[in-house]
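Structure assessment
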Amino acid sequence: MTPPFFVFLLIFVAAPLAELYVLIEVGSRIGALSTIALSVFTAILGGVLVRLQGFAVLFRAQEAMARGEVPALELMEGAMLLLVGFALLLPGFITDAAGFLLLIPPLRRVVILWILRSRGVLRPGAPPTRQGQGTDHYIEGEYRRDD
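Reading the values: the criteria
- Residues numbered from 1 in each chain as written.
- Predicted model: local features only at pLDDT ≥ 70, side-chain atom pairs only at ≥ 80, totals over all residues.
- Heavy atoms only, no water.
- Core = buried A, V, L, I, M, F, W, Y, C linked by side-chain atoms within 4.5 Å.
- Buried < 20%, exposed > 50% of the residue type's maximum accessible area, 1.4 Å probe, protein only.
- Helix = DSSP H or I, 4+ residues; strand = E, 2+ residues; numbered from the N terminus.
- Axes fitted to C-alpha atoms, helices over the stretch in contact; angles between N-to-C directions.
- Parallel < 35°, antiparallel > 145°, perpendicular 65-115°, else oblique.
- Left-handed = near helix turned anticlockwise from the far one by under 90°.
- Contact = heavy atoms within 4.5 Å.
- Nonpolar A, V, L, I, M, F, W, Y, C, P; charged D, E, K, R; others polar.
- Phe/Tyr/Trp six-rings, centres within 6.5 Å; stacked < 30°, edge-to-face > 60°.
- 1 Å grid on protein atoms, 1.4 Å probe; cavity = no way out; pocket = protein on both sides within 12 Å on 5 of 7 lines; lining within 4 Å.
- Points joined across faces, edges and corners; volume = space filled by probe spheres on them.
- Salt bridge = Lys/Arg side-chain N within 4 Å of Asp/Glu carboxyl O.

What follows is about the nonpolar core. With 9 residues, the main nonpolar core is built from Val-50, Val-57, Met-80, Leu-81, Val-84, Leu-88, Leu-103, Ile-112 and Leu-116. Looking at this core, the elements that each hand over two or more residues are α2 (32–66), α3 (72–89) and α5 (105–118). Top contributing element to this core by residue count: α3, with 4 residues.

One way to put it is that helix α1 (residues 4–30) packs onto α2 with a least axis distance of 7 Å and a crossing angle of 125 degrees. Taken together, the axes of α1 and α2 lie oblique to each other. For the pair α1 and α2, the sense of crossing is right-handed. Between α1, through Leu-23, Val-26, Gly-27 and Ile-30, and α2, the contact on the second element is made entirely by Ala-32, Ser-34, Thr-35 and Leu-38. Looking at the contact of α1 with α2, its residues break down into 5 nonpolar, 3 polar and no charged.

Here we take up the packing of aromatic side chains. To describe a pair of aromatic rings, one takes the distance between the centres and the angle between the planes. Under the criterion given, the structure shown has 1 aromatic pair. Between Phe-8 and Phe-12, the ring centres sit 4.9 Å apart and the planes meet at 45 degrees, which makes this aromatic pair tilted. With a gap of 4 residues between them, Phe-8 and Phe-12 both fall in helix α1, about one helical turn apart. The exposure class assigned to Phe-8 is partly exposed, which follows from its relative accessible area of 48%.

Once that is clear, we can look at the packing of α2 against helix α4 (residues 93–101). Where α2 contacts α4, the axes come no closer than 11 Å and their chain directions differ by 25 degrees. Between α2 and α4, the angle falls in the class roughly parallel. Crossing of α2 over α4 shows left-handed handedness. Where α2 abuts α4, its residues Thr-35, Leu-38, Ser-39, Thr-42, Leu-45, Gly-46 and Leu-49 lie against Phe-93, Asp-96 and Phe-100. Partitioning the contact of α2 with α4 into residue classes produces 5 nonpolar, 4 polar and 1 charged.

Moving on: the side chain of Ser-39. Here Ser-39 is to be found in helix α2. The buried category is assigned to Ser-39, whose relative accessible area is 12%.

Now for the layout of surface pockets. The volume enclosed by the largest pocket comes to roughly 840 Å³. Ile-11, Ala-15, Ala-87, Thr-95 and Ala-98 are the residues nearest the centre of the largest pocket, which is lined by 22 residues in total. Contributions of two or more residues to the lining of the largest pocket are made by α1, α3, α4 and α5. Per-element tally for the lining of the largest pocket: the top contributor is α1, with 8 residues. Taken together, the residues of the lining of the largest pocket break down into 19 nonpolar, 2 polar and 1 charged.

For the rest of this paragraph, the subject is the pattern of salt bridges. If you walk through the whole model with that rule in mind, you get 5 salt bridges. Across the salt bridge formed by Arg-108 and Glu-77, the nearest N and O atoms sit 3.1 Å from each other. With a gap of 31 residues between them, Arg-108 in helix α5 and Glu-77 in helix α3 connect regions that are remote in the sequence. Judged by relative accessible area, which is 1%, Glu-77 ranks as buried. Note that Glu-77 and Arg-109 form a salt bridge whose closest N and O atoms lie 2.6 Å from each other. Highlighted residues: Glu-77 in helix α3 and Arg-109 in helix α5, separated in sequence by 32 residues. The network of salt bridges with common partners includes Arg-60, Glu-77, Arg-108 and Arg-109.

Structure representation (structure tokens):
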């Protein structure tokens, strides 16, 4: 387990410095205005894509609830889409690349399942049994109705 200070240092110091380096390099190759325009374009495109996928996740969650299931994975996907949207709105190409990768639904689901397994929330359980293989419990007895 990584110490909290290291995570804090990574998120608030190393990531912005890396983003700044990439922005400067891209700006030196394609120009400052083109870099700004590209950054704004990725933010707008990312916002539109996150909104569309958010609605898709919402509809899947509603369908799961209509079937009587708990939409746990859909809720996790919604939370991840919130973080992806935030990453895409931040100026920078590294966060945009990570955000666009996580807009791919199968990849996003793999990341969510990996996080749940690594935290110990999701553990392999017993395989599901079929109906009629000793899973039904019957209590035999007699009854009578008193009116």
